[in-house]
Amino acid sequence: NKLEKYMSLQKICNYVTKQIRLRDPEGEFGMQQISGTISDWADYVEMLEKSKMDCTKEILLKPKDLKIAHNEMVAMMTMKQSKKDIEKIEEKFPGAKKLCESKELQKYEYKGERYCIITPTSIEDIFQEGIILKHCIHTCDIYFNRIENRETFLVFLRRTNEPDKPWYTLEIEPGGNIRQKKSVLNEAYKDLDDAMPFIKEWQQWIVSNMTDEDKKLAKESDEARKSGYKQLRKDKKVIWHGRLKGTLLADALEQDFMAVV
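Anyway, here's the lowdown on the structure attached to this text. Owing to the predicted nature of the structure, the values given are computational and were not obtained by experimental measurement.

Cut-off values and rules
Residues numbered from 1 in each chain as written. Predicted model: local features only at pLDDT ≥ 70, side-chain atom pairs only at ≥ 80, totals over all residues. Heavy atoms only, no water. Axes fitted to C-alpha atoms, helices over the stretch in contact; angles between N-to-C directions. Helix = DSSP H or I, 4+ residues; strand = E, 2+ residues; numbered from the N terminus. Parallel < 35°, antiparallel > 145°, perpendicular 65-115°, else oblique. Left-handed = near helix turned anticlockwise from the far one by under 90°. Contact = heavy atoms within 4.5 Å. Nonpolar A, V, L, I, M, F, W, Y, C, P; charged D, E, K, R; others polar. Pairing = 2+ DSSP bridges. Patch = residues over 30% accessible without salt bridge, like charges linked within 9 Å, V, L, I, M, F, W, Y side chains within 5 Å. Areas by Shrake-Rupley, 256 points an atom, 1.4 Å probe, with all protein chains shown as cover. Salt bridge = Lys/Arg side-chain N within 4 Å of Asp/Glu carboxyl O. Buried < 20%, exposed > 50% of the residue type's maximum accessible area, 1.4 Å probe, protein only. 1 Å grid on protein atoms, 1.4 Å probe; cavity = no way out; pocket = protein on both sides within 12 Å on 5 of 7 lines; lining within 4 Å. Points joined across faces, edges and corners; volume = space filled by probe spheres on them. Phe/Tyr/Trp six-rings, centres within 6.5 Å; stacked < 30°, edge-to-face > 60°. Lys NZ or Arg CZ within 6 Å of the ring centre and 35° of its normal.

### A word on the packing of helix α5 (residues 83-92) against helix α7 (residues 123-133)
Running from N to C, α5 and α7 cross one another at 130°; their axes reach a closest spacing of 10 Å. Here α5 lies oblique to α7, going by the angle between them. Here the hand of the crossing between α5 and α7 comes out right-handed. Contacts from Asp85, Ile86, Ile89 and Glu90 in α5 reach Ile123, Glu124 and Phe127 in α7. In terms of residue class, the contact of α5 with α7 is made up of four nonpolar, no polar and three charged.

### Considering the sheet that holds strand β1 (residues 110-111)
Taken in spatial order, the five strands make up an open sheet running β1-β2-β3-β4-β5, and their pairing is antiparallel. The outermost strands of the open sheet, each flanked by one partner alone, are β1 and β5 (178-182). With two bridges joining them, β1 and strand β2 (residues 115-118) adopt antiparallel strand pairing. Bridge pairing links Tyr110 to Ile117 in β2.

### Some thoughts on a nonpolar patch on the surface
Nonpolar side chains collect at one region of the surface, where Val184, Leu185 and Tyr189 lie side by side and expose about 260 Å² of accessible area between them. The class for Val184 is partly exposed, based on a relative accessible area of 33%.

### Observations concerning empty space enclosed by the protein
What the rule picks out here adds up to one cavity of 30 Å³ or more. Taken as a whole, the largest cavity spans an internal volume of roughly 80 Å³. Lining of the largest cavity is provided by His135, Cys136, Ile137, Tyr143, Leu154, Thr169, Leu170, Glu171, Gln180, Lys182 and Asn186. Sorting the residues of the lining of the largest cavity by element identifies β4 (168-172) and β5 as the ones contributing at least two each. In terms of residues, the lining of the largest cavity owes the most to one element, β4, which gives three residues. For the lining of the largest cavity, the class distribution of residues is five nonpolar, four polar and two charged.

### Observations concerning unusual backbone geometry
Despite not being glycine, Lys52 has its phi angle at roughly 60°, a positive value. Structurally, Lys52 can be placed in the loop between α2 (31-50) and α3 (58-61). Even without being a glycine, Asn186 presents a positive backbone phi close to 65°. Mapping Asn186 onto the fold places it in the loop between β5 and α9 (196-208). With relative accessibility at 33%, the residue Asn186 sits in the partly exposed group.

### Comments concerning the packing of aromatic side chains
Tallied over the entire structure, the rule returns nine aromatic pairs. Cluster of aromatic residues (ring-pair linked, three or more members): Tyr110, Tyr115, Trp167, Tyr168, Phe198 and Trp205. A cation sits over an aromatic face here: Arg159 above Trp167, 4.1 Å from the ring centre.

In structure tokens, the structure reads:
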């Protein structure tokens, strides 16, 4: 067993028990939970080894929350493998790369007591967001093309006490309209409800700070969106996976759209 290279069977059992109880304090404790936790832990340790990290250090070997640590390691390994893809996007969309790195998008950043909006400072930031949340922003050229043309931008909704932890990705128009708001697996969950007042407040703040150029871009973006919906309906594009499987894509996008009010 990979784990027994680093610790005793007793310590392994104690840690596995602790992690199972961390996930579900009052839940079932059976072979399925035990084998699943051990499998995740062994997978995590293998990634540590591949990254040439010191597995003899218990702080690395026994993270406080195995599930979070495992997912972070998967994201890190995936980011390494995505280096060439990032370079291709940077070459294909130099304007998007320049805009992110210029930090011009920081004018959309906003901070509240519980929630905040931060912006990407590189194409790599967008890849990391997409990989961790397991949605498609880093795999679809359309988003980078829109950034390149300043039609829409990608910003990150985070909890103020966890600003570095991906939570929701928002695709916004220059005037504050929100085209999409997606979390893990391209979904929106009940946890977004509490943040809606903050999001509406932020939209109003954007409107109050718009320049003439922003207003021009906002109008062009509004026209592009409406034209896009019309073309999607003409092409009868549907969603093929997930909860909305079989739904017209234009209908789903319109339902997710959040105009400034």
